[in-house]
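Observations on the three-dimensional arrangement
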Amino acid sequence: MKALFIGGTGTISTAIVKRLAEELGWEVWLLNRGNRSEVVPEGVHQIKADINNEEEVAKLLDGMYFDTVSEFIGFTVEQVERDYRLFKGKTNQYIYISSASAYHKPAASYVITEGTTLANPHWEYSRNKIASEEFLMKKYREEGFPVTIVRPSHTYDERNVPLGVHGKKGFFQVIKRMQEGKPVIIQGDGSSLWTVTFNKDFAIGYTGLMGNRHAIGEAFQITGDEVLTWDQIYQTIADALGVKLSAYHISSEYLSAVGDKYGFDFEGSLIGDKAVSVVFDNRKLKRAVPDMKTTVRFDQGVRIALDHVLSHPECQVEDPEFDEWCDRVIAAVEESKKLV
């Protein structure tokens, strides 16, 4: 079996490529700029090109046919329209990575299925994913274009620690605040439910959909089965660090309002995604992929991530602007308490 990945070296796709090449025996090709070649397994073929240069890519792919084409860096309708032109008649299956943030929040039920309404007025990223899904499914219905939609939720790997509130430079400043004993902002009251998925587990579900005739024309969400509150997520991280958690709860609406002037898009990432409880019903996926299961609990995955991050200085990207913002917001909330 032969697969092409557009991207292929990100948080999610790295684990999938590794599983295909090292465990399942697929012939794997990557189409990207070659910026992270060090994570590419031995034997994987690379086509170095910018997918946005459609004419050049069409020439490079001339005469090639793939059992599956996997799109990991398609964020707009224009990009999937380009893919449709490039791969129509050249693949048995086109898998598009959408997002679970496309589901309406708050949904009518906190239990999310693939039939939950897609609508997100708070986040342009999610609206673009919805529009891309609609274009692709229209091509499937009208022309038989062999699309499969995959909706990940919060997926992480050894280079990332999943959080609810962080700055533009990522998660590490929150880890540093924990290590220094400083209060850490958690959205809401910390009791809403969330699911985080280690990329190795995600890869089990994803590769089970590749070349699977039952996946054509269908959408699947892929998450682990472990459900945690946000307080439990942060406490698990603190436990792994061996420090005491100083949790400071602030409403998502307040964070959105005071973060906007600093360019922190908490309306999208919180109100449009992480502010409400969600529990994913993965029965549809497990019918198509019986092997899908959680093998890495969060307490295990976060230790893997922290061991890697704390031993690799390049992963320790500090964010003084976010650190100062946290202190100012917490001070402002404390001051407002004196007015009551």
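The rules behind the values
Residues numbered from 1 in each chain as written. Predicted model: local features only at pLDDT ≥ 70, side-chain atom pairs only at ≥ 80, totals over all residues. Heavy atoms only, no water. Helix = DSSP H or I, 4+ residues; strand = E, 2+ residues; numbered from the N terminus. Rg over C-alpha atoms; globule rule 2.2 N^0.38 Å. Buried < 20%, exposed > 50% of the residue type's maximum accessible area, 1.4 Å probe, protein only. Contact = heavy atoms within 4.5 Å. Areas by Shrake-Rupley, 256 points an atom, 1.4 Å probe, with all protein chains shown as cover. Lys, Arg positive; Asp, Glu negative; His and termini not counted. Charge placed at Lys NZ, Arg CZ, Asp CG, Glu CD. Pairing = 2+ DSSP bridges. 1 Å grid on protein atoms, 1.4 Å probe; cavity = no way out; pocket = protein on both sides within 12 Å on 5 of 7 lines; lining within 4 Å. Points joined across faces, edges and corners; volume = space filled by probe spheres on them. Nonpolar A, V, L, I, M, F, W, Y, C, P; charged D, E, K, R; others polar. Salt bridge = Lys/Arg side-chain N within 4 Å of Asp/Glu carboxyl O. Phe/Tyr/Trp six-rings, centres within 6.5 Å; stacked < 30°, edge-to-face > 60°. Lys NZ or Arg CZ within 6 Å of the ring centre and 35° of its normal.

1. A short note on the overall build of the chain
In terms of regular secondary structure, the chain is built from 12 helices and 15 strands. Computed over C-alpha atoms, the radius of gyration of the chain comes to 21 Å, within 12% of the 20 Å expected from 2.2 N^0.38 for 340 residues, which places it in the range of a compact globule. By the burial criterion, 53% of the 340 residues in the chain qualify as buried. Within the chain, residue pairs in contact and separated by at least 24 positions form 78% of the contacts whose partners lie at least 6 positions apart. By element, 49% of the accessible surface of the chain is carried by carbon and sulfur atoms, the whole surface being about 15,100 Å². Considering the chain, the positive charge centre built from 39 side chains and the negative charge centre built from 49 side chains are found 2 Å apart.

2. Some points on the pairing of strand β7 (residues 147-152)
Most of β7 is tucked away, with 6 of its 6 residues classed as buried. Burial along β7 is two-sided: the face carrying V147, I149 and R151 and the face carrying T148, V150 and P152 are both buried. Here strand β5 (residues 94-97) pairs with β7 via 4 bridges, running parallel. If you follow Y94 over to β7, its bridge partner there is V147. Across 4 bridges, the pairing between β7 and strand β12 (residues 219-222) is parallel. Bridging across to β12, V150 finds its partner in F220.

3. Things to note about the layout of surface pockets
By volume, the largest pocket is sized at about 1,100 Å³. Looking at the largest pocket, it is lined by 42 residues, and the ones nearest its centre are Y125, S153, H154, T155 and K274. Those elements giving two or more residues to the lining of the largest pocket turn out to be α4 (124-143), β8 (154-156) and α9 (266-274). Sort the elements by how many residues they give to the lining of the largest pocket and α9 lands first, with 4 residues. The residue makeup of the lining of the largest pocket, split by class, is 18 nonpolar, 19 polar and 5 charged. In this structure, the second largest pocket encloses a volume near 390 Å³. Around the second largest pocket, the lining comprises 14 residues; the ones closest to its centre are T14, A15, K18, N199 and K200. Per-element accounting of the lining of the second largest pocket gives the leading share, 5 residues, to helix α1 (residues 13-24). Considered class by class, the residues forming the lining of the second largest pocket number 6 nonpolar, 3 polar and 5 charged.

4. With respect to empty space enclosed by the protein
Over the atoms, a rolling probe the size of a water molecule traces out where space has been left empty. Applying the stated rule across the entire model yields 1 cavity of 30 Å³ or more. Estimated volume of the largest cavity: approximately 40 Å³. Lining the largest cavity, in full, are V196, T197, F198, D201, G224, E226, T294 and V296. If one sorts the elements of the lining of the largest cavity by residue count, strand β11 (residues 196-198) sits on top with 3 residues. Residue composition of the lining of the largest cavity, grouped by class: 3 nonpolar, 3 polar and 2 charged.

5. Considerations on the pattern of salt bridges
Where side chains of opposite charge bring their charged atoms close, a pairing between them can arise. In total, this model carries 26 salt bridges according to the counting rule given. The partner of R85 in a salt bridge is E54, with the nearest N and O atoms 2.9 Å apart. A residue pair is termed long-range when its members are at least 10 positions apart, and R85 in helix α3 (residues 77-87) and E54 in helix α2 (residues 54-60) qualify at 31 residues. Among the charged side chains, a network of salt bridges with common partners joins R177, K182, D323 and D327.

6. Notes on the packing of aromatic side chains
Enumeration over the complete set of coordinates arrives at 18 aromatic pairs. Residues Y84 and F145 carry aromatic rings whose centres are separated by 5.3 Å and whose planes lie at 75° to one another, so their mutual orientation is edge-to-face. Here the residue Y84 occupies a position in helix α3, and F145 occupies one in the loop between α4 and β7, the gap between them amounting to 61 residues. Looking at Y84, the relative accessible area reads 10%, which means it is buried. Using a relative accessible area of 3% as the deciding quantity, one classes F145 as buried. Ring centres of F322 and W325 lie 5.8 Å apart, and the angle between their planes is 25°; on these two criteria the pair is classed as stacked. You can see F322 and its partner W325 sitting in helix α12 (residues 320-337), 3 residues apart, about one turn around the helix. Residue F322 shares its accessibility class with W325, and that shared class is buried. Linked through ring pairs, Y262, F264, F266, F322 and W325 together constitute an aromatic cluster. The lysine or arginine in question, K284, covers the ring of F220, its NZ or CZ lying 4.9 Å from the ring centre.

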